[in-house]
Structure formats: C-alpha cells, structure tokens
Amino acid sequence: DAKTTQPPSMDCAEGRAANLPCNHSTISGNEYVYWYRQIHSQGPQYIIHGLKNNETNEMASLIITEDRKSSTLILPHATLRDTAVYYCIVRVYSGAGSYQLTFGKGTKLSVIP
Amino acid sequence: DVKVTQSSRYLVKRTGEKVFLECVQDMDHENMFWYRQDPGLGLRLIYFSYDVKMKEKGDIPEGYSVSREKKERFSLILESASTNQTSMYLCASSLLGTQYFGPGTRLTVL
C-alpha cells in the first residue's frame, strides 16, 4: 500500500495561504490522493481528491507533482476555523467495488490570529 | 449534501453489556464503514460493508460484529463491552472512493 508522509504540525497566520505538503513516493499509477481534515471531536471532513491533474474546489486547491510522488493542499485564505488535523491519504482498492482509506497521523494545522 | 448520522454522540456503558451503535446514511451509498479512533493510533478500520447483508473485516474486528439489513443502515455491535473498547467510533459511507463521515460516538465503558 502506498504510504504518506506529512509534517506533524504547521502554523499559519490568519488570512494567509496555508500550504500543507505530503509525500507519497510509492503511489501507483491508478491510485488517487485524498485530503480530509478533522476538527477536534468531530468526524473527518472530505476536502478534495485528485489523480494527476491539479484540482480546485470551494474549500481548497490540490497540486500534484508531475511524477505524482508528492502533493500540496492549499487553503488560500486560512481562517481560525481551519485549525484542524489534515490527513493526506492514498486511496487503495479493497475489492468488491470498495476502496479503503488509511488515515495516518496527519498534520496539525494551527491558524494564528 | 451527504448526511451520515450516528445514533448517539456520547454513550456510557458497563463492562459486559451488549452495545449497539447505529449509523444511517441518506445517499443510497453502497459502501459503509466503521472505524474507531484513539489518541496516538489514528483511525482504524473495524468492519466495512459493500452491500446489504455483506460484510468484510477491517484491521481490528476482534470483539465487534456488524449488521447491514438495509442499505441505509449499518450497525456496530459490541457483544460484551470491555474497558479497552472505550473510544470514539466513526461511521462513514461512500460511493466509489470518497467517504463521508458521521459526527462520531464517544463510547465510555466503565
């Protein structure tokens, strides 16, 4: 299974862009990169996912390097409500039309006023 | 919007009790999952189901069973609760790869 490596913690000033890196050097060609976040005591929240092209939605942008060995999640204007643990996950097919997401330790993002 | 609901946010049970945790999703998703989350250990998959009456063991199924009688509902059962099952339990449903999570149930076994 492709594993991911993320820094354990990061700080970001409120209103600035938060750039969260992730390494996934053993990713296979058909495996997607997913990002979730978890605010304290809540269930994980889906943010965005991608295969090889950069993706953007109302929450964030996902930049995947050309060799797909790493990616960066960008929150363009971080707010205090973005303080959370952010998980970078490589989706793995587990059979019978089902996919598994293996959550690591993630990056604890603290947005500072 | 996808909605996944769990029967309780907080639950306190005694050792040896039978515990039912219920999860309901409203998006007609095929797949449903049960995880537990503990400090320092992250989310660990207990069981998942890819169809009604179908189930597959995850990474830590011991001490748990599941039931999926209807597509929208996936139940986690602790036959005889023990103190080491005190944890946050999270349910998710998915279509293809994207999983949507419920708010979680914090279970304390005394």
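Residue positions are given per chain, counting from 1 as you read along its sequence in written order. Written order decides the labels, with chains lettered from A and ligands numbered from 1. Reporting in this predicted model follows two pLDDT cut-offs: at least 70 for local features of residues, and 80 or more for side-chain atom pairs to be given and counted; totals over whole chains, interfaces and linings ignore these cut-offs and use all residues. Processing note: side-chain calculations cover all non-hydrogen atoms of the structure and skip hydrogens and water entirely.

A. Representation of the overall build of chain B within the structure. Put simply, DSSP H or I for four residues or longer makes a helix, DSSP E for two residues or longer makes a strand, and each gets a number counted from the N terminus. Along chain B, the regular secondary structure elements total zero helices and 11 strands. Secondary structure elements in chain B, listed N-terminal to C-terminal, are β-β-β-β-β-β-β-β-β-β-β. Radius of gyration: C-alpha atoms only; globule rule: 2.2 Å multiplied by the number of residues to the exponent 0.38. Relative to the globule expectation of 13 Å for 110 residues, the C-alpha radius of gyration of chain B, 13 Å, shows essentially globular dimensions. Considered along the principal axes of its C-alpha atoms, chain B spans approximately 35 × 25 × 25 Å. Burial classes follow relative accessibility: with a 1.4 Å probe on protein chains only, a residue under 20% of its type's maximum area counts as buried, one over 50% as exposed, and anything between as partly exposed. Per-residue burial over chain B gives 50% buried out of 110 residues. Residue contacts are counted whenever heavy atoms from the two residues lie within 4.5 Å of one another. Of the contacts made within chain B by residues no fewer than 6 positions apart, 54% connect residues no fewer than 24 positions apart. Surface exposure of chain B reaches about 5300 Å², of which carbon and sulfur atoms provide 51%. Here chain B contributes 15 positively and 14 negatively charged side chains, and the mean placements of these two sets differ by 6 Å. All accessible areas in this document rest on Shrake-Rupley with a 1.4 Å probe, and a residue is counted as covered only by the protein chains that are shown. Positive residues here are Lys and Arg, negative ones are Asp and Glu, while His and the chain termini are left out of the count. Charge positions come from single atoms, namely NZ of Lys, CZ of Arg, CG of Asp or CD of Glu.

B. Looking closely at the packing of aromatic side chains. Stacked, edge-to-face and tilted labels apply to pairs of Phe, Tyr and Trp rings (six-membered ring for Trp) whose centres lie within 6.5 Å, assigned for plane angles under 30 degrees, over 60, and everything in between, in that order. As enumerated under the stated definition, the model contains 13 aromatic pairs over all chains in all. Relative to Phe 101 of chain B, the ring of Phe 103 of chain A has its centre 5.7 Å away and its plane inclined at 90 degrees; by these criteria the two rings are edge-to-face. Placement of the pair is Phe 103 of chain A in the loop between strand 10 (98-100) and strand 11 (107-112) and Phe 101 of chain B in strand 10 (residues 98-101), with the two residues belonging to separate chains. Neither residue differs from the other here; Phe 103 of chain A and Phe 101 of chain B are each classed as buried.

C. Structural context of the pattern of salt bridges. Counted as salt bridges are all cases of a side-chain nitrogen of Lys or Arg within 4 Å of a carboxyl oxygen of Asp or Glu. The full count for this structure, using the stated rule, is eight salt bridges over all chains. Of the charged contacts in the structure, one is a salt bridge between Asp 82 of chain A and Arg 37 of chain A, with a shortest N-O distance of 2.8 Å. Here the residue Asp 82 of chain A occupies a position in the loop between strand 7 (70-75) and strand 8 (84-90), and Arg 37 of chain A occupies one in strand 3 (residues 33-38), the gap between them amounting to 45 residues. Across the pair Lys 71 of chain B and Glu 30 of chain B runs a salt bridge whose closest N-O atoms are separated by 3.0 Å. With Lys 71 of chain B in the loop between strand 7 (65-70) and strand 8 (73-78) and Glu 30 of chain B in the loop between strand 3 (19-25) and strand 4 (31-38), this pair connects stretches of sequence that are 41 residues apart. Residue classification places Lys 71 of chain B among the partly exposed positions, given a relative accessible area of 22%. When its relative accessible area of 31% is taken as the criterion, Glu 30 of chain B is described as partly exposed. Three or more residues joined by partner-sharing salt bridges are found here, namely Asp 28, Glu 30 and Lys 71 of chain B.

D. View of the interface of chain A and chain B. Contact with chain A, which involves 20 residues of that partner, is made by 21 residues of chain B. Interface of chain A and chain B: buried area, both sides summed, is about 1600 Å²; carbon and sulfur atoms make up 52% of it. Along the contact surface separating chain A from chain B lie zero salt bridges. Listed by contribution, the elements that provide at least two residues to the side of chain A that touches chain B are strand 3, strand 4 (45-50) and strand 10 of chain A. For this classification, the nonpolar set comprises Ala, Val, Leu, Ile, Met, Phe, Trp, Tyr, Cys and Pro, the charged set comprises Asp, Glu, Lys and Arg, and every other residue, Gly included, is treated as polar. Residue composition of the side of chain A that touches chain B, grouped by class: nine nonpolar, nine polar and two charged. Computed with a 1.4 Å rolling probe, the buried area is the accessible surface lost when two parts are put together, summed over both parts.

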